[in-house]
Amino acid sequence: MIQRCFLNGDFVSLERACLSPLDRGFLFGDAIYEVIKIREGVPLWLNEHLARLERNLEEVGITHDLDLKYFINIYLKKEGLKFGSLYIQISRGTDRFREHLPSKRLLPTVFMLLSDAVPASLPSDPLKVIPIDDFRWGRCDIKVTSLAANVLAKIKAQKEGFDEVVFVSSRGEVREGGSSSVFVKIGGIWFTHPLDNHILPGITREKILKIFRDKGIEYIERPALIKDIESWEEICVCGTLTGVAPVARFGEVKFSLPFEEVIRIANAYDELERNYVDSFSW
Ligand code: PDD
């Protein structure tokens, strides 16, 4: 069990870590986060995750001056964690009272927590996903911690016996999962939603697109449409904690084994991770 977290420059025991209730992350979800998979002690795609974090912080106007890479290295060594994940959250900081408009020059709250829960192995077990009308806000490209819609959608999915939700636009376009990106194969071509304000620019998604290019697998960054579901051949959802998982059921529609190409993609992704681990240096 991980006993310590990182909070504003210190490593403190989880029991003693203290945050003000006036922290804007707590009151408003006014914070940006990242989740990074740890494999053999290596934080996978570290530069990509940190770049997305900085981009998102800039987007919402939160600034910090901590050398996160340095502290991640120390934290991983302190805990000796080999397999798991790292959560990073940076909020706008603690204000003097609850007010939507933040005071000027707040000190951001920087929090990191390792977890020894091992992310899905590759290829992951087939998942059951449920389509849900996308009722989230209009900036899903920013990784903010205000995730009430995702949480509610996932609770509904679990109640109905599904593993993940897939958000669908009012025009029947497949967007993304509650915490994953989505790919659908139609007529031998993999469809995935283009990067815009409706989806998170997933790092796993980007790696899978690279695999497609390297292996000459055809793809198009265009959303699959629910109305064409009868012609869908394979579906896969992917993400830092999801791995690359075939979908066995999409709402009422079942997809049967062997999920051949998803498994090939998952194995190629696993190899990409392994190569990254082998060549990683701080
Ligand atoms: N979520 N889409 C959404 C809405 C997500 O929350 C995530 C990841 C992804 C996949 O992104 P990536 O490949 O960069 O992990 C797509 C993280 C893991 C989470 O919220 O826990």
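Treat the numbers as computed from the prediction; the structure is a model and nothing was measured. (Residues numbered from 1 in each chain as written. Predicted model: local features only at pLDDT ≥ 70, side-chain atom pairs only at ≥ 80, totals over all residues. Heavy atoms only, no water.)

A.B. asks: Looking at this model, I keep getting lost on the site of the ligand. Mind explaining?
C.D. replies: Around the ligand, 17 residues are found, and the nearest of them are Tyr33, Glu176, Ile203, Thr204 and Thr240. Between the ligand and Lys143 there is a distance of 3.2 Å, counted from a nitrogen atom to a side-chain nitrogen or oxygen. At 2.7 Å from a nitrogen atom of the ligand is found a side-chain nitrogen or oxygen belonging to Glu176. Contact with the protein chains removes 91% of the 480 Å² of surface that the ligand exposes when unbound. Put simply, the parts of the chain that give the shell around the ligand at least two residues each are β3 (31–39), β9 (174–177) and α5 (203–215). A class-by-class count of the residues in the shell around the ligand yields 5 nonpolar, 9 polar and 3 charged. Per-domain counts for the shell around the ligand show at least three residues from each of domain 1 (4–115) and domain 2 (127–278). (Near = heavy atom within 4 Å. Polar contact = N/O pair within 3.5 Å; in protein donor to acceptor, adjacent residues only side chain to side chain. Areas by Shrake-Rupley, 256 points an atom, 1.4 Å probe, with all protein chains shown as cover. Helix = DSSP H or I, 4+ residues; strand = E, 2+ residues; numbered from the N terminus. Nonpolar A, V, L, I, M, F, W, Y, C, P; charged D, E, K, R; others polar. Domains from an automatic or database assignment.)

A.B. asks: Would you mind going over the packing of α5 against helix α6 (residues 260–279) with me for this structure?
C.D. replies: The axes of two packed helices give the description: the angle between them and the distance between them. Closest axis-to-axis distance for the α5/α6 pair is 10 Å, and the angle between their directions is 105 degrees. Accordingly, the angle class assigned to the pair α5 and α6 is roughly perpendicular. Where α5 approaches α6, its residues Thr204, Lys207, Ile208, Ile211, Phe212 and Lys215 are matched on the opposing element by Ile265, Ala268, Tyr269 and Leu272. Among the residues forming the contact of α5 with α6, the class breakdown is 7 nonpolar, 1 polar and 2 charged. (Axes fitted to C-alpha atoms, helices over the stretch in contact; angles between N-to-C directions. Parallel < 35°, antiparallel > 145°, perpendicular 65-115°, else oblique. Contact = heavy atoms within 4.5 Å.)

A.B. asks: Looking at this structure, how should I read the nonpolar core?
C.D. replies: If you look at soluble globular proteins, the nonpolar side chains tend to sit buried side by side. Within the largest apolar cluster, 66 residues are counted, with the highest numbers of intra-cluster contacts made by Ile72, Leu86, Ile88, Trp232 and Val244. Examining the composition of this core, we find that 8 residues originate from one element, α6, more than from any other. Residue assignment places this core across two domains, with domain 1 (4–115) and domain 2 (127–278) each supplying three or more. For Trp232, the residues in contact, after removing those within four places along its chain, are Val174, Val184, Lys185, Ile186, Ala224, Leu225, Ile226, Phe250 and Phe255. Counting residues in hydrophobic clusters, the runner-up holds 7 residues, among them Ile130, Ile132, Ala153 and Val165. (Core = buried A, V, L, I, M, F, W, Y, C linked by side-chain atoms within 4.5 Å. Buried < 20%, exposed > 50% of the residue type's maximum accessible area, 1.4 Å probe, protein only.)

A.B. asks: Would you mind going over the packing of helix α2 (residues 46–60) against helix α3 (residues 68–79) with me for this structure?
C.D. replies: Close contact between α2 and α3 brings their axes to 11 Å; oriented N to C, the two are set at 130 degrees. Relative to α3, the element α2 is oriented oblique. Along this stretch, α2 crosses α3, giving a crossing that reads as right-handed. Every residue of α3 that contacts α2 at Leu46, Asn47, Leu50, Leu53 and Glu54 is listed here: Leu68, Lys69 and Ile72. Tallied by class, the residues present in the contact of α2 with α3 amount to 5 nonpolar, 1 polar and 2 charged. (Left-handed = near helix turned anticlockwise from the far one by under 90°.)

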